[in-house]
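Spelled out, the chains give:
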Amino acid sequence: MHSDISSSPSGAPERVSSFWDDPAKRSLVYQLITLMVVGFIGYYLFSNTIKNLHRQSIATGFHFLGKEASFEIGESLIGYSAASSYARALCVGILNTLKVAFIGTALTLFLGTLIGVARLSTNWLVSRLAAVYIEIFQDVPVLLQLFFWYAVFNDSLPAPRQALHPIPGVFLSNRGLVFGVLAHNPVYVYMGGAFLTACAGVYCLRWWAGKRQDKTGKTFPLLRSGAGILLGLPLFVWLCGGAPIAMNVPHLAGFNFSGGVTVSPEFTALLLGLVLYTAAFVAEIVRSGIQAVSKGQKEAAMSLGLKPWQTLNLVILPQSLRIIIPPVTSQMLNLTKNSSLAVAIGFPDFVSVVNTTINQTGQAIEGVAMIMTVYLVFSLLTSAFMNWYNGKIALVER
Amino acid sequence: MRSRRLWVWMSVAVILLGAGVATAGTLSDVRAKGFVQVGVNGQLAGFGIPDEKGEWKGLDVDTGRAIAAAVFGDAKKIKFVPLTAVQRFTALQSGEIDVLCRNATWTLSRDTALGLSFVQVNYYDGQGFMVPKKLNIKSAKQLDGATVCVLPGTTTEQNVADYFRTHNMKMKPVVIENNTELNKAFFSGRCDCLTSDASQLAGARSVAPNPQDYIILPEIISKEPLAPAVRHGDDQWKDIVNFSVLAMIEAEELGITSKNVDEMLKSTNPSVQRFLGVVPGNGKDLGVDEKFAYNIVKQVGNYGEVFERNVGAKTPLALERGLNALWTHGGLMYAPPFK
C-alpha cells in the first residue's frame, strides 16, 4: 500500500516523459531539428540562387575551366601562357598564394621570435627598439603598409637601364631584383639527394646521441657534427661531379633583363608588408609566452648548473611553446588570408586571377565559391598541422 | 580593398538571397525610389570623376543625367556609385544600380552570358598604348618583351594578350585593380607601357605629373564600343535608357542645343515638334513624360555639347570627334527617327 502510493506518482510521469528525461535522446532531437533547419536554409539558398541566375540568364557551372584563359599572368611558378586554360591560370594563382604564404610564414616566425626575445632583452636600447617596432607595425593597417612599400620600390628605384649593380650578376631596378643563378646541371639534383641523405643521417645520429646520454650521461657535440654532415655530404658530391660553376647571369635585352631569376617589386612589397605586420603580433605572443613561465623555473635550472642556452632550450622554451603555439597558428592563418590583399598592388595571387576570371566569364558565384574553398583548405591544413604539433609538445602529465 | 571585396560579397549575397521580385519593372522601382542609381567609373577624367568641388563630371556621368532627366524631368535626381572594372557587372546583375554608364565595352559574351543588355554606344573607342617619350618607340610592334600596366577585369587584358600573341611577342603584365594605383605605377616607371582604351589613355595622361613626356602610339588594336548597360529582360527600361542616349544624338542632328531649345519649341519642323514633345506621342510610347527629350537637351545638352564639354578639344583630354562625329559628318553617331 505504502509502496503503491510512492511508486504511482513517480511511475506514471516516468512513462509519459521517459523520452524527454533522457538527455542523450533529447539532444538527439535538438540536433535533428537543427540539422533540418540548416538543411532547409541550404536548400533555399541553392534553389533560389539557381532560380535567380536563370532569371537573369547568367551562365552557371564550371565548364569555363577548360576554356582558353587568353590573359597573361605576370609571374608564374609553372609554365603558363595566354593559350592555357582557366584551370591552369587558377593553379598559377594558387601556387603564387602558396609561395607568399610559405615564405611569409617562415620569415614571420623567424623575425617575430627575434623581436619577441629582443623585447625582453636586459639591454635598454634593444628592448625599446623592439617595442617601437611592435607599436608602429602593429598599429598601421596592413593595406597601407603594402601601398607604402610598393610606392617606395616604384619611386625610389631606377629604370632597368640605370639599374643599381652592387655586386656582379645582381641588378636592382624598378622591375625588381634580378640575380644570376647556377645554370642547370644534373649534379645539383644529386646534391639534393645527398642533402636528404645527410638529413636522415643526422636524425639517426641524434637518436643515438640521446640514447647514449640517457645511458652514460655523456653529451655529444651534435650541433657541430650535424652541420658538418649536412654541408659536407653535398659538397663532396659537388666536388665529385666536377664542381660545376656555370652561371645563368642576367643581361639587359630590350626593355628588361633576361636570364637569371627575378623577384618582382609586387612580390617583395607584399612579402615585406605581410611579414613586418604579422611579425609584430608574433613578437608580442612570443614575449608573453616566455614571460608566462614562472621565474622560479629559470632560477631552478640555473641552480642545477645548466648554461643559459640550456636553460632556454630545455626548460623555458618547452613550457612557453605550449602557450605560444595556438595564437601563433592563428597569426599564420591571418598572414595567408591577408595575402589576398595582393590585388591592391598587382601581385597575381589566387584572388587576383579569380577576379579576372570572374570578369571574363561573368561567373561570380563559382569564382567566390572557389576562393572560399581554396582559403578554407589552406587554413584547415595549416591548423591541422599546428594542432598536431601542439599536441606533440603539449605537457604530458604523468 | 577589403571594403571592396566585402562589396563583391554583398553583391553575391544579394544574388543568393534576393527574391525574384526585381522584375516587377526597373522603371517603377526607380520612380518609387525617387532617383536613378547609376554606376560610374569614379576615377576616369573625361568620363566619370568628381571635380575638386565634389561635383560629378564626364561623358558617362552626363549620360546618366540624361536618363534621370527623361525619367523625372530633373537631371539632378540621380545617385552615382563609383565602381571598379571588376565590380561593375556584379553591381548591375545584383540590382545595386539601375544602369551602368562606366565606359563598358559591348561584347557578345557580356550581352549574353553576363545577363546584360547594352544600348546605344555613347563613345566609340579602341585600345591603344601609351609609352614614355624617352623610350623612343614609334610603333606597338616594337614592344616585344615589354612590361605592360593593365587594368584587370576588362576586355583590355584579353586584347593585349591577343595582340602580343598575334605578333609573336612576349609581355609581362602588371595587373592592378585600382585605376589611380595603376596609373601611378606606370608614371613611376614600373611599366614600359600602359594599355587601355585610347580615350582613357588621354584621360590618364591629362592628370600625369608631366603629360608632355608621354605619347600614345598610333596602333589601335581593338574595337571598343562603350555603351551603357541594363539588366537583361526589362525591355521598357532598356528602351528608356536607349532613347535617352539617342535623344542627345538626334538633338545634335536636328541642331537643337541647350541654348536654343526653348526657341526650337516654336519650330515648324515636324521632326523637331515631335522630338521636343510639342506634338505628343513619343513620351507616351516610351512610358515617360512627353517633354523627355526637351528636358534632356535643356538640362544636359545634345551629344556634341556633352562631348566637347567633357573630352573635346578644349579639355585636357583634347580628343577628336573621329568615329564619334554624327553620321552626316563621317562618324558613326546615328539615331533612328523619333516618331
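Residues numbered from 1 in each chain as written. Chains lettered and ligands numbered in written order. Predicted model: local features only at pLDDT ≥ 70, side-chain atom pairs only at ≥ 80, totals over all residues.

1. So, the overall build of chain B
Short version of the rule: Put simply, DSSP H or I for four residues or longer makes a helix, DSSP E for two residues or longer makes a strand, and each gets a number counted from the N terminus. It is over C-alpha atoms that the radius of gyration is taken, and the globule rule equals 2.2 Å times the number of residues to the power 0.38. For the exposure call, what matters is how many other C-beta atoms sit within 10 Å of a residue's own: 20 or more marks it buried, 12 or fewer exposed, and in between partly exposed, using C-beta atoms placed from the backbone. Contact between two residues is assigned when their C-beta atoms, built from the backbone, lie within 7 Å.
A count of helices and strands for chain B gives 14 helices and 14 strands. On C-alpha atoms alone, chain B measures out to a radius of gyration of 20 Å, which is about the 20 Å that the 2.2 N^0.38 rule sets for 339 residues. In terms of its C-alpha atoms, chain B occupies a principal-axis envelope of roughly 60 × 50 × 40 Å. For chain B, buried positions account for 54% of its 339 residues. Nonlocal contacts in chain B, meaning residues at least 24 apart in sequence, comprise 73% of its contacts between residues at least 6 apart.

2. Observations regarding the overall build of chain A
Along its length, chain A carries 12 helices and 7 strands. Taken over C-alpha atoms, the radius of gyration comes to 29 Å for chain A, far larger than the 21 Å a tight globule of 398 residues would show. C-alpha extents for chain A along the principal axes are approximately 105 × 75 × 45 Å. For chain A, the proportion of its 398 residues judged to be buried stands at 29%. Here the analysis covers contacts within chain A between residues at least 6 apart in sequence; of these, 66% occur between residues at least 24 apart.

3. A short note on the confidence of the model for chain B
Spelled out, the test is: pLDDT measures how confident the predictor is about each residue, on a scale from 0 to 100.
Per-residue pLDDT for chain B has a mean of 89; in total, 93% of the residues score no lower than 70. We note a pTM of 0.74 for the whole complex and an ipTM of 0.71 for its interfaces.

4. Observations regarding unusual backbone geometry
Most of the time, phi is negative for any residue but glycine, and the peptide bond is trans. One non-glycine residue with positive phi stands out, namely Ser70 of chain A, at about 50°. Inspection of the secondary structure puts Ser70 of chain A in the loop between α2 (23-55) and α3 (86-119). By C-beta crowding, Ser70 of chain A is classed as partly exposed, having 19 other C-beta atoms within 10 Å. Despite not being glycine, Asn103 of chain B shows a phi value in the positive range, around 30°. By the secondary structure assignment, Asn103 of chain B is in the loop between β5 (99-100) and α5 (108-112).

5. Notes on the sheet that holds strand β9 (residues 146-150) of chain B
Residue and element names in this part refer to chain B. Operational definition: In this scheme, strands are said to pair when DSSP sees at least two bridges between them. Every axis in this analysis is a line fitted to C-alpha atoms, fitted for helices over the stretch in contact. Angles between the N-to-C directions lie between 0 and 180 degrees.
Spatial ordering of the open sheet is given by β10-β9-β11-β8-β12, a layout of 5 strands whose pairing is mixed. Pairing within the sheet leaves two strands with one partner each, and these edge strands are β10 (171-175) and β12 (214-216). The sheet shows a mean angle of 30° between the axes of neighbouring strands, taken without regard to direction. With 4 bridges joining them, strand β8 (residues 127-132) and strand β11 (residues 193-197) adopt antiparallel strand pairing. Along β11, the bridge assignment pairs Gln127 with Asp197. The sheet strands contacting helix α8 (residues 198-206) are β8, β11 and β12, and the helix crosses β11 at an angle near 125°.

6. Section: the sheet that holds strand β7 (residues 261-263) of chain A
Residue and element names in this part refer to chain A. Taken together, 3 strands build an open sheet; the order of strands is β1-β2-β7 and the sheet is antiparallel. The sheet is open, and its two edges are formed by β1 (170-173) and β7, each paired on a single side. Taking the axes of each pair of neighbouring strands and ignoring which way they run, one obtains an average angle of 15° across the sheet.

7. Quick look at the interface of chain A and chain B
Put simply, the rule is: Charged residues are taken to be Asp, Glu, Lys and Arg, nonpolar residues to be Ala, Val, Leu, Ile, Met, Phe, Trp, Tyr, Cys and Pro, and polar residues to be all remaining types, Gly included.
Across the contact, 43 residues belong to chain A and 43 residues belong to chain B. At the level of elements, α2, α5 (142-156), α8 (265-291), α11 (350-361) and α12 (364-393) of chain A are the ones that each hand at least two residues to the side of chain A that touches chain B. Take the side of chain A that touches chain B: its biggest share by element is 7 residues, from α2 of chain A. Among the residues forming the side of chain A that touches chain B, the class breakdown is 19 nonpolar, 18 polar and 6 charged.

8. Comments concerning the environment of Thr268 of chain B
Topologically, Thr268 of chain B is positioned in the loop between α10 (261-264) and α11 (270-276). C-alpha of Thr268 of chain B to C-alpha of Phe47 of chain B: the two residues are 221 residues apart in sequence and 36 Å apart in space.

9. Description of the nonpolar core
Where we set the bar: Here, a nonpolar core means buried Ala, Val, Leu, Ile, Met, Phe, Trp, Tyr and Cys residues linked by C-beta atoms lying within 7 Å of one another. These domain boundaries are the output of an automatic or database domain assignment.
Membership of the largest hydrophobic core comes to 166 residues, with the highest contact counts inside it found for Leu270 and Ile345 of chain A together with Ile296 of chain B. Among the elements that make up this core, the one with the highest residue count is α8 of chain A (16 residues). When residues of this core are sorted by domain, at least three fall in each of domain 1 (2-124 + 226-325) and domain 2 (127-222) of chain B. When near neighbours in sequence (up to four residues on either side) are disregarded, Leu270 of chain A contacts Val100, Leu146, Ser339, Ala342, Ile345 and Phe347 of chain A. In this structure, Ala163, Phe171, Leu177 and Val178 of chain A belong to the second largest nonpolar core, which totals 6 residues.

10. Comments concerning the domain arrangement of chain B
Residues and elements named next belong to chain B. As assigned here, chain B comprises domain 1 (2-124 + 226-325) and domain 2 (127-222). One C-alpha centre belongs to domain 1, the other to domain 2, and the line joining them spans 28 Å. Listed per partner, the contact involves 16 residues of domain 1 and 16 residues of domain 2. Tallied by class, the residues present in the side of domain 1 that touches domain 2 amount to 10 nonpolar, 6 polar and no charged.

11. Regarding the packing of helix α9 (residues 295-303) of chain A against helix α10 (residues 308-338) of chain A
Residue and element names in this part refer to chain A. The line we're drawing: Should an angle fall under 35 degrees it is called roughly parallel, over 145 degrees roughly antiparallel, and 65 to 115 degrees roughly perpendicular, with every other angle called oblique. Left-handed describes a crossing whose near helix is turned anticlockwise from the far helix by less than a right angle; the clockwise case is right-handed.
For the pair α9 and α10, the least separation of the axes is 10 Å and the interaxial angle reads 155°. Taken together, the axes of α9 and α10 are roughly antiparallel relative to one another. With respect to the hand of their crossing, α9 and α10 are arranged in right-handed fashion. Listed contacts from α10 to Gln297, Lys298, Ala301 and Met302 of α9 are Thr311, Val315, Ile316 and Gln319.

12. Overview of the packing of α10 of chain A against α12 of chain A
Residue and element names in this part refer to chain A. At a closest axis distance of 10 Å, the pairing of α10 and α12 adopts a crossing angle of 175°. In terms of orientation, α10 lies roughly antiparallel with respect to α12. Across the interface between the two elements, Pro318, Leu321, Arg322, Ile325, Pro326, Thr329, Met332, Leu333, Thr336 and Lys337 of α10 pack against Tyr375, Phe378, Ser379, Thr382, Ser383, Met386, Tyr389, Asn390 and Ile393 of α12. Residues belonging to the contact of α10 with α12 are distributed by class as follows: 11 nonpolar, 6 polar and 2 charged.

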